Amino acid sequence: MNPHAMFISTFSLLLGTTITISSNHWVMAWTGLEINTLAIIPFISKPHHPRAIEATIKYFLVQATASALLLFSSMSNAWATGQWDITQLTHPTSCLLLTIAVSMKLGLVPFHFWFPEVLQGSPMMTALLLSTVLKFPPVAILLMTSHSLNPILLTTMAIASAALGGWMGLNQTQTRKILAFSSISHMGWMAIIIIYNPNLTLLTFYLYILMTSTVFLILNTTKALKLSTMMISWTKTPMLNATLMMTLLSLAGLPPLTGFLPKWLIIQELTKQEMTLAATIMALLSLLGLFFYLRLAYYSTITLPPNTTNYMKQWHTNKTTNTLIALLTSLTALLLPLSPMILTTL
């Protein structure tokens, strides 16, 4: 990509995110979301491959629809109440439309269909941006309007997202699609708790970004786009594959690792709110996710490919992102002992 175009797109991405996060007026929030949508399109369509162009068109159509719904929601609220302030969303129809619009932006069930397809058609680093940075603005809008959202609707969508994210990820062979369904499942965990404890949602989101970024950077370094490639990636970077296993198990939410913290706190909070059934269902649905994370970990570290070709360990590897990956992996594995300190900030 042309360096000038790259700079403009990256700057627009940061600008759009900042505008949405820091705005109090609905029109400014909508403007930031639109800037974000237009800024990421060059990154998705960069490979000039039919699948990349298809992913770009799908992404644009879905995001344009979601933005139109969000604008319509804010306008109908302003028409009924005379308020353009984001925190003053009180009209029931506007609340419903906003929930639908933000769910489309985040890829919550039943508006999730675009997300795995777009991620599969994008380069690995663009998929990282789509899974992390571009979820900031919709999550910020959800946090600002959390007091006026419909709890039954949001809980239903959250449980459906956790179920479908785990269920659909079981049979995938492409790593980007697996991570897309993992993202849908994590968004379900965030959505179920946002009304009762928005700070906990924010903590879950930060930890999700930390773990997902680590996995994407490792897969980008080893160039593992599908499971069969992951089998032979140990010849390139044996240590990186071992840390990938730790990161995947953390993403699954196994106890000694960082990923256990948000799941534990969310189940605890749901129980406090007398939503024991929802907490039980979410805990059981996390087993589906655990299965495909274990499968990824198994493919990357334990399985040897069933062929007779001898692989020589490469002595020279690209070391540009290794320091960052080392830092992120350490945080992904070792943040759980800091949970008492984190709990005091909630």
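Cut-offs and rules
Counting from 1, residues in each chain are numbered in the order their sequence is written. Reporting in this predicted model follows two pLDDT cut-offs: at least 70 for local features of residues, and 80 or more for side-chain atom pairs to be given and counted; totals over whole chains, interfaces and linings ignore these cut-offs and use all residues. Neither water nor hydrogens contribute to the side-chain values; these are computed over all heavy atoms in the structure. Where each domain begins and ends is defined by an automated method or by a domain database. The contact rule is simple, with two residues in contact once any of their heavy atoms fall within 4.5 Å. The term buried area means the drop in 1.4 Å probe accessible area that two parts suffer when joined, counted for both and summed. In what follows, salt bridge is the name for a side-chain nitrogen of Lys or Arg lying within 4 Å of a carboxyl oxygen of Asp or Glu. Whenever a nitrogen or oxygen atom comes within 3.5 Å of another N or O atom, the pair is scored as a polar contact, on the condition that within protein one atom can donate a hydrogen and the other can accept it, and that pairs from neighbouring residues in sequence are kept only if both atoms are in side chains. A run of H or I in DSSP counts as a helix once it spans at least four residues, and a run of E counts as a strand once it spans at least two, with each numbered from the N terminus. Note on residue categories: nonpolar means Ala, Val, Leu, Ile, Met, Phe, Trp, Tyr, Cys or Pro, charged means Asp, Glu, Lys or Arg, and polar means any other residue, Gly included. Expected helix span is given by 1.5 Å per residue-to-residue step, counting one fewer step than there are residues. Exposure categories follow from relative accessible area, calculated using a 1.4 Å probe and restricted to protein chains: below 20% of the type maximum is buried, above 50% is exposed, and the middle band is partly exposed. Patches here are clusters of residues that have more than 30% relative accessible area and form no salt bridge, with a 9 Å joining cutoff for like charges and a 5 Å cutoff for nonpolar side chains (Val, Leu, Ile, Met, Phe, Trp, Tyr). Note that accessible areas follow from Shrake-Rupley with a 1.4 Å probe, and for residues the cover is restricted to the protein chains shown. Only C-alpha atoms enter the line fits that serve as axes; for helices the fit covers just the stretch in contact. Angles between N-to-C directions range over 0 to 180 degrees. By definition in this entry, angles of less than 35 degrees are roughly parallel, angles greater than 145 are roughly antiparallel, angles of 65 to 115 are roughly perpendicular, and the rest are oblique.

Undergrad: Could you clarify how one ought to interpret the domain arrangement of the protein chain in this entry?
TA: Much of the literature gives interface size as the accessible area that the parts lose upon coming together. Domain annotation of the protein chain identifies domain 1 (1–122) and domain 2 (150–345). Here the C-alpha centroids of domain 1 and domain 2 sit 25 Å apart. Contacts between the two partners involve 16 residues from domain 1 and, on the opposite side, 17 residues from domain 2. Summing both partners gives a buried area of about 1500 Å² for domain 1 against domain 2, and 73% of it is carried by carbon and sulfur. The largest per-residue losses of area from domain 1 upon contact with domain 2 belong to Leu108, Val109 and Gln120, which jointly make up 39% of the total buried on that side. Run the count over domain 1 and domain 2 and you get one salt bridge. Among the salt bridges present, the one from Glu117 reaches Lys177, with a minimum N-O distance of 3.5 Å. For the pair domain 1 and domain 2, the interface holds four residue pairs in polar contact (both at pLDDT 80 or more). Of all the secondary-structure elements, those providing two or more residues to the side of domain 1 that touches domain 2 are α4 (92–106) and α5 (114–121). Residues belonging to the side of domain 1 that touches domain 2 are distributed by class as follows: nine nonpolar, six polar and one charged.

Undergrad: Help me understand α4 in this model?
TA: Turn by turn, an α-helix covers 3.6 residues, leaving residues three or four places apart pointing in a common direction. Compared with an ideal rise of 1.5 Å per residue, which puts 15 residues at 21 Å, α4 spans 21 Å between its outermost C-alpha atoms and is within 8% of the ideal. For α4, the full list of buried residues reads Ser94, Cys95, Leu97, Leu98, Thr99, Ala101, Val102, Ser103, Met104, Lys105 and Leu106. Packing partners of the buried residues in α4 comprise α2 (26–45), α3 (50–81), α5, α7 (136–144), α8 (151–169) and α9 (175–193). Backbone geometry just downstream of α4 places Gly107 in the positive-phi region, at approximately 85°.

Undergrad: I would appreciate a short explanation of a nonpolar patch on the surface in the present structure.
TA: On the surface, a nonpolar cluster with roughly 460 Å² of combined accessible area is contributed by Leu38, Ile53, Ile57, Phe60 and Leu61. Take the nonpolar patch: its biggest share by element is four residues, from α3. One can find Leu38 in helix α2. On the basis of relative accessibility, which here comes to 52%, the residue Leu38 falls in the exposed class.

Undergrad: Would you mind showing me how to read the pattern of salt bridges here?
TA: Pairs can form between side chains of opposite charge whenever their charged atoms are close. As enumerated under the stated definition, the model contains three salt bridges in all. In this structure, Glu117 and Lys58 form a salt bridge, with 3.8 Å as the shortest nitrogen-oxygen distance. Of this pair, Glu117 sits in helix α5 while Lys58 sits in helix α3, and the two are 59 residues apart along the sequence. Glu117 sits in the partly exposed class, given a relative accessible area of 33%. Within the structure, one salt-bridge network assembled from shared partners comprises Glu54, Lys58, Glu117 and Lys177.

Undergrad: Would you mind going over the packing of helix α6 (residues 124–131) against helix α10 (residues 198–222) with me for this structure?
TA: Look at α6 against α10: their axes get within 10 Å of each other, and the N-to-C directions meet at 175°. Looking at the two axes, α6 sits roughly antiparallel to α10. Of the residues in α10, those touching α6 at Met124, Met125, Ala127, Leu128 and Ser131 are Tyr208, Thr212, Ser213, Phe216, Leu217, Leu219 and Asn220. Its residues assigned to classes, the contact of α6 with α10 shows eight nonpolar, four polar and no charged.

Undergrad: I keep staring at the environment of Gly259 and nothing clicks. Help me out?
TA: When you line up the elements, Gly259 lands in the loop between α12 (238–252) and α13 (260–272). Considered as a pair, Gly259 and Leu97 are 162 residues apart in the sequence and their alpha carbons are 32 Å apart. Aside from chain neighbours lying at most four places away, what touches Gly259 is Met211, Ser250, Gly253 and Thr332.

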